[in-house]
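Next come the chains, spelled out residue by residue.
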Amino acid sequence: MTTSLAELHAKAVEARKNSHSPYSKHKVGAALRTSDGLVFSGCNIENASYGGTVCGERVAIWKAVSEKGSLQIQDLVVVTDQDVAWPPCGFCRQVISEFANDSTRVHLANIHGIQRSLKFGDLFPDAFQSSHLKV
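Here we summarise the structure given alongside this text. In this text the structure is predicted, and so the values were computed from the model without any measurement.

1. Remarks on the side chain of arginine 33
Mapped onto the elements, arginine 33 comes out in strand E1 (residues 29-34). Buried within the structure, arginine 33 lacks any salt-bridge partner; its nearest side chain of opposite charge belongs to glutamate 7, at an N-O separation of 4.6 Å. Within the structure, the side chain of arginine 33 is placed 2.7 Å from the backbone oxygen of serine 4, a separation counted as a polar contact. Beyond its immediate chain neighbours, meaning those up to four positions away, arginine 33 contacts Ser4, Leu5, Leu8, Leu38, Val39, Gln72, Ile73, Gln74 and Asp75.

See the structure below:
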């Protein structure tokens, strides 16, 4: 793991500590690095209505967009405390696709370290993109 990736993992682990997850009891942290080197993190925030729940990946992305504006994700780390690291859910994959490209690296991790790294294009091939909306 490179130093920058280790730092990104540490940010995701730290963000995970702030998780509001009284229903699932599963804390998730995420951290992303933009193409210009900025880092943003987030955690899952659950809601009693369930539909109001937001995953850590989306929180990190929305924080980045709200603070920076337009961006390109270079790396994304997702951290849980599970033995086998969890990938982003389908909803998160769609949101990630708005700010990623096929080469964006997604790192699946638990609190001890990164277990698997893959390109976003392999994680979510043929994502629905803005180009599909052009007539």
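That shown, we press on.
2. Some points on the sheet that holds E1
Ordered in space as E2-E1-E3-E4-E5, the five strands form an open sheet in which the pairing is mixed. This sheet does not close on itself; its edge strands, each paired only once, are strand E2 (39-43) and strand E5 (113-119). Neighbour-to-neighbour, the strand axes of the sheet open up by a mean angle of 20°, direction not taken into account. Bridging between strand E4 (residues 105-110) and E5 involves six bridges; their strand directions are antiparallel. Note that in E5 the partner of histidine 107 across the bridge is serine 117. Where helix H2 (residues 56-68) meets the sheet, it contacts E1, E2 and strand E3 (73-80), and its direction lies at approximately 140° from that of E2.

3. Digging into the packing of aromatic side chains
Following the criterion strictly, the structure yields two aromatic pairs and no others. The ring centre of phenylalanine 91 lies 4.0 Å from the NZ or CZ of arginine 58, which sits over that ring.

4. A word on the nonpolar core
For soluble globular proteins, the rule of thumb is that nonpolar side chains tend to be buried together. Ranked by size, the top nonpolar core spans 23 residues in total, and within it Leu32, Ile61, Ile73, Leu76, Ile96 and Phe120 carry the most contacts. Only E1, H2, E3, helix H3 (90-99), E4 and helix H4 (120-123) provide two or more residues apiece to this core. The contact partners of isoleucine 73, leaving out residues within four places of it in the chain, are Leu32, Arg33, Thr34, Ile61, Phe99 and Thr104. Core analysis: the second largest hydrophobic core is formed by eight residues, Leu8, Val13, Ala31 and Val77 among them.

5. Digging into the pairing of E4
Among the six residues that make up E4, five are buried, leaving the element largely enclosed by the rest of the structure. Counting the residues that bridge the hairpin from E4 to E5 gives two residues.

Reading the values: the criteria
Residues numbered from 1 in each chain as written. Predicted model: local features only at pLDDT ≥ 70, side-chain atom pairs only at ≥ 80, totals over all residues. Heavy atoms only, no water. Helix = DSSP H or I, 4+ residues; strand = E, 2+ residues; numbered from the N terminus. Buried < 20%, exposed > 50% of the residue type's maximum accessible area, 1.4 Å probe, protein only. Lys, Arg positive; Asp, Glu negative; His and termini not counted. Salt bridge = Lys/Arg side-chain N within 4 Å of Asp/Glu carboxyl O. Polar contact = N/O pair within 3.5 Å; in protein donor to acceptor, adjacent residues only side chain to side chain. Contact = heavy atoms within 4.5 Å. Pairing = 2+ DSSP bridges. Axes fitted to C-alpha atoms, helices over the stretch in contact; angles between N-to-C directions. Phe/Tyr/Trp six-rings, centres within 6.5 Å; stacked < 30°, edge-to-face > 60°. Lys NZ or Arg CZ within 6 Å of the ring centre and 35° of its normal. Core = buried A, V, L, I, M, F, W, Y, C linked by side-chain atoms within 4.5 Å.

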